[in-house]
Structures are given as structure tokens and as C-alpha cells.
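Structural description and commentary
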Amino acid sequence: MVMISDFLGTSAVENVKKALSAARENESFNALISLSETRALERAQKVDAGEITGRLAGVPFIAKDNFLTLGDTTTVASDFLKNFEAPIQATAIEKLETEGAICIGKANLDAFAHGGSTENSAFGPTKNAHDETRVAGGSSGGSAVVVALGIVPFALGTDTGGSIRQPASFNGVVGVKPTYGTVSRFGVVAMASSTDTIGVLSSTVDDAELVMDIMSGRDSRDMTTLPDFFAPKQESQTKRVAVIKEFMSDAVNPEVRKATEVYVEALKAQGVEVGEVSLPMLAYALPTYYIVVPAEISSNLARYDGVRYGARSPEASSLDEVYGLSREAGFMAENKRRIIIGSYVLSSGYFDAYYLKAQKARTLLINEFNKAFESYDFLIGPVAPDPAFKIGENSDDPVKMYMADIMTVPASLAGLPAVSIPAGATSEGLPVGVQIIGQRQSDAELLAFAKRSV
Ligand code: GLN
């Protein structure tokens, strides 16, 4: 893997060329949807000429293909937007570019970020960086793999229910999902607006910290952004953490549990007090997520109608057909499944029974987290129940696929910051991560702690 410092103080043009050729050498992983060679080299020349300066001057990176970028397409890995060229850039990309970073391409994902394996992509599955027969995880699978392969020092991802943390765990890289509202969602294709977050995958926590420092802050174009609270810390003050009991159940792969245990022992050796906490509402987190999130998806995806964005079905001859046939062709099966579930739980006869009930369960889960944070600084557990599964293993069973999200969706529902860091142990010969969850806006301390403990 490579780090940001490997690209500082060297020729930006050489940096970009190096990253582009590493991307081409690793084509078999199918981690990338497009490369932005012309624009990237133009910007690199400006950096080398001293016209662009900043903390990331000349550092190449890759963005998940649900960030709107100038210079290439933004497909969201869907047929709908296969040829879509965005007229604007996401705020997160703008901020990185202002510091001199150079986006060299766009990473593969599950279409519209719906999934946990990067198999639901109209561009085919991304392969795990450590074993090409295994999934990359998802939905930010491409972003995790390009970091794990050392193509770039960091990549941007989005995490709505685990999409940064889980692929980070599956590929042995660092993944940071910040507090909801830390980074502007402006210019990022919406999935579920109440849990969507923008974050980073990198080889070190230090690099993730720098990127978060640059991207975070209030944006008048996203009214859910928080005033900038993220201030990197030199040293962690953390004294007490707890392992989440429900995350260490027998249903979790023993080697995955063991990885967390080994990490916990290392913490204890450093003088950190480690307790155990039980959050009974976690039993309802997955069903709650798979009601609330599809509801928001069904609303957010209504805009893809064949009129305003993306492809229009050439077979359509009436307005209804423009909508129906374009949506039929443009969405993948998993997108349609979520639109149908979402429309169902929001429909007048079922709203109270499903959507409203789920929102109440969500509040109870948040209350339980808050209570745990009265006694502990951070909560710890695995990221996913198993290491990266085989490509195709879960793809015809949506519920099995959803089960893999069981330990990442709770922090998303509660808007909490959570990181996945390599546990330093393997399962089935593959890397696995440890998840650390903090209270809202504890992001800087969370990263300081994560840094100290690896
Ligand atoms: N795997 C989860 C899902 O399918 C998370 C997706 C995400 O965070 N974008 O909903």
C-alpha cells in the first residue's frame, strides 16, 4: 500500500502517471469504472508549475462513482447514468482539489450504492484485493480495492449502512464513516438521506485524518452539515471502552471474533480499561434499517424518470412508458427491490405499521447508544460476521446479503462516527477489521484512539 507522504514533494505529473499505470496493471480486479487521464494530467502540470498548492498538492486519489466529478462520467454503476456527465463537482471533491489533490478516476460500486459486495454493478463485480474469487465488499468495493492494491493512497467512499467500513475490513484497509453531517453530501448521488455519509478509505489512520480535516465543515448547499468540529488531535485521551456483547455472539465467525479479542488484549496491555456492554435494541437494527432506508431510497430514486437524468428507453411511446420502460431498463434488480419495499412501507395502509414503527425503534436504539456512552468512550466489535465471501455465494439471496450488514447499520441509524481498522489478524487467510464506534462528533478523538491502538 502507499501513503500520502509518498506523493508529497515529488513531481505531480509523475505521481499521476504512476497511479494511472498501477490502475491499468490491476485491471483484472475491475475496481475502476473510468479514468480521468486528460484532466488529471492537466491539473498535475499546474501543480508542478506552482499554480496549485496545498496540503495534498499532487496527491492522486480515486472517488467512488457516486460523487459528481468534472472530467469523466458519473455512472453510479448503473445503466441509467452510464453516459452521464455531471455539470458540477461534489463539495468533497472541490475541497480536496483546493488543497491540490488530483482525482484520477472513479471506483466501482453496487449500483446506487445498494449492496454490500460490489456485485450489483452494471459494470460487473469488483474482486477482492487479496483473493480474486472473493467479493470486494461494498458498496464502496472499488474504493477499498484501489487503496489495498496501492494504486492511490486514499479513495473516497460513502457509507449509508456500512459501505465504507465493510469493504475496508474485507480488504485490510482503514475506513472512516464520520458523524452524520460532518462532510457535505452536495454533489453525491443520494441513497438514504438520513444516513448517507461521506468518508474515506486509506492505508493509514493519519491519512484518513488529514482527508477528513479537509473535507469536513458546513456547506450552505447541504443544510444537514454541521459547523466544522473536526480538529485532529495529537494524543488520545480515551480511558474506557466496551466490547458490544451482541457483536460477539456465536453467529459470528470464530476467527472474526478472535481478531476483535486480540485487538482488545492489545488495548488492555496499553492500559485501556475494557468493559462489556449489552444493547438489546441491536436485535432490531437490521429490520429497522431495511424499512427506513428503502423508504428513503424509493423517494430519492423517483427523480430517475427518463426525462431529467440519464437514459430514456428508446421503446417508449407514451409518457407512462417513458417512466416505466426507462426505470425497468435503468435500474438493477436490487434497486427495484428497494423501491418496491420502500413504496410499500410508506403506503397509506402500512405507514404506521412499518415506517413509523421503524422510526420509533430507531429512537430506542439511539437512546441505548447514548446510555452506553455515559460509561464508555468507545464501543468495539467486529465489522461484519464473516470475512469476504465468494463471488456469487450470496447473490441470489437478498436476505443473506442483508444479514452481512448486521453490525454496521446500527451506527448508521444513530448517525454515529465509526471506523474500521485492520485487526492485525486474519480469517480464512483474509484480512478482517475491528470496528470502533463513538458518540456523535467524537470523530477526532476516535481517530486519535484508532491511531494509538494499531
Ligand atoms: N450494505 C448496505 C446496504 O445494502 C449498506 C450500503 C451503503 O452503505 N451504501 O444497504
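Each value, and the rule that gives it
- Residues numbered from 1 in each chain as written.
- Predicted model: local features only at pLDDT ≥ 70, side-chain atom pairs only at ≥ 80, totals over all residues.
- Heavy atoms only, no water.
- Phe/Tyr/Trp six-rings, centres within 6.5 Å; stacked < 30°, edge-to-face > 60°.
- Helix = DSSP H or I, 4+ residues; strand = E, 2+ residues; numbered from the N terminus.
- Buried < 20%, exposed > 50% of the residue type's maximum accessible area, 1.4 Å probe, protein only.
- Lys NZ or Arg CZ within 6 Å of the ring centre and 35° of its normal.
- Pairing = 2+ DSSP bridges.
- Axes fitted to C-alpha atoms, helices over the stretch in contact; angles between N-to-C directions.
- Contact = heavy atoms within 4.5 Å.
- Expected span 1.5 Å × (residues − 1).
- Arc of directions from axis to C-beta.
- Polar contact = N/O pair within 3.5 Å; in protein donor to acceptor, adjacent residues only side chain to side chain.
- Near = heavy atom within 4 Å.
- Areas by Shrake-Rupley, 256 points an atom, 1.4 Å probe, with all protein chains shown as cover.
- Nonpolar A, V, L, I, M, F, W, Y, C, P; charged D, E, K, R; others polar.
- Salt bridge = Lys/Arg side-chain N within 4 Å of Asp/Glu carboxyl O.

**Some details on the packing of aromatic side chains**
What describes a pair of aromatic rings is the distance from one ring centre to the other and the angle between the planes of the rings. Taken as a whole, this structure holds 17 aromatic pairs when the rule is applied. When the ring of Phe84 is compared with that of Tyr309, the centres are 6.3 Å apart and the planes differ by 80 degrees; the resulting orientation is edge-to-face. Of the two residues, Phe84 sits in the loop between strand E2 (60–64) and helix H3 (91–98) while Tyr309 sits in the loop between helix H8 (285–300) and helix H9 (319–330), which places them 225 residues apart along the sequence. Exposure remark for Tyr309: the relative accessible area of 32% places this residue in the partly exposed category. Geometrically, the ring pair formed by Tyr304 and Tyr309 is tilted, given 5.7 Å between the ring centres and 50 degrees between the ring planes. Exposure remark for Tyr304: the relative accessible area of 5% places this residue in the buried category. An aromatic cluster is present here, built from Phe80, Phe84, Phe112, Tyr304, Tyr309 and Phe331 joined pairwise through their rings. Lys82 extends its terminal NZ or CZ atom over the ring of Phe123, reaching a point 5.1 Å from the ring centre. Above the face of the Tyr376 ring, Arg240 is positioned so that its terminal group lies 5.8 Å from the ring centre.

**Observations concerning the sheet that holds strand E6 (residues 154–159)**
Strands sit in the order E1-E3-E2-E6-E8-E7-E12-E13-E11-E9-E10 across an open sheet of 11 strands; the sheet is mixed. The open sheet has two free edges, formed respectively by strand E1 (32–35) and strand E10 (273–277), since each of these has just one partner strand. Across the sheet, the axes of successive neighbouring strands diverge by a mean angle of 30 degrees, strand direction being ignored. Note: E1 against strand E3 (residues 102–107), 3 bridges, orientation antiparallel. Its bridge partner lying in E3, Leu32 is registered against Ala107. Across the sheet, helix H4 (residues 141–148) lies against E1, E2, E3, E6 and strand E8 (197–202), angled at about 155 degrees from E6, the strand it touches most.

**Some details on helix H7 (residues 254–269)**
End to end, H7 covers 22 Å across 16 residues, agreeing with the expected 22 Å (1.5 Å per residue, within 8%). Every buried residue of H7 is listed here: Val256, Arg257, Ala259, Thr260, Tyr263, Val264 and Leu267. The arc that holds every buried residue of H7, seen down its axis, measures 155 degrees, which confines them to one face. Turned more than 90 degrees away from the buried face of H7, the exposed residues are Pro254 and Ala269. For H7, the elements touching its buried residues are strand E9 (240–244), E10, strand E11 (378–382), strand E12 (418–427), strand E13 (430–438) and helix H14 (443–452). With a side-chain oxygen lying 2.7 Å from the backbone nitrogen of Glu255, the N-terminal cap of H7 falls on Asn253.

**Re the site of the ligand**
Around the ligand, the structure places 14 residues, and the nearest of them are Thr160, Gly161, Ser163, Tyr289 and Arg338. In the environment of the ligand, a nitrogen atom lies 2.9 Å from a nitrogen or oxygen atom belonging to the backbone of Ala113. Asp405 is positioned with one of its side-chain polar atoms (N or O) 3.0 Å from a nitrogen atom of the ligand. Protein chains bury 99% of the 290 Å² of accessible surface belonging to the ligand in isolation. For the shell around the ligand, the residue count by class is 4 nonpolar, 7 polar and 3 charged.

**What about unusual backbone geometry?**
Cis geometry marks the peptide bond from Gly138 to Ser139, where omega comes out at 10 degrees. Tracing the backbone shows Ser139 in the loop between strand E5 (131–135) and H4. Notably, Ala77 is not glycine yet its phi reads approximately 55 degrees, a positive angle. With respect to the helices and strands, the residue Ala77 is situated in the loop between E2 and H3. Under the relative-accessibility criterion, Ala77 is labelled buried at 0%.

**Topic: the side chain of Thr288**
Take Thr288: it is sitting in helix H8. In this view, Thr288 contacts Ala358, Ala361, Arg362 and Leu413; residues no more than four positions away in its chain are not counted.

**A few points about the pattern of salt bridges**
With the rule as written, the count across this model stands at 22 salt bridges. The residue Glu273 makes a salt bridge to Arg240 at a minimum N-O spacing of 3.8 Å. One end of the pair, Glu273, is in strand E10; the other, Arg240, is in strand E9, with 33 residues separating them in the sequence. A salt bridge links Glu328 to Lys336, with the nearest nitrogen and oxygen atoms 3.4 Å apart. Note on Lys336: relative accessible area 23%, which makes it partly exposed. A single network of salt bridges, built from pairs that share partners, joins Arg39, Arg43 and Glu97.

By themselves, these figures tell us nothing about what the structure is for.
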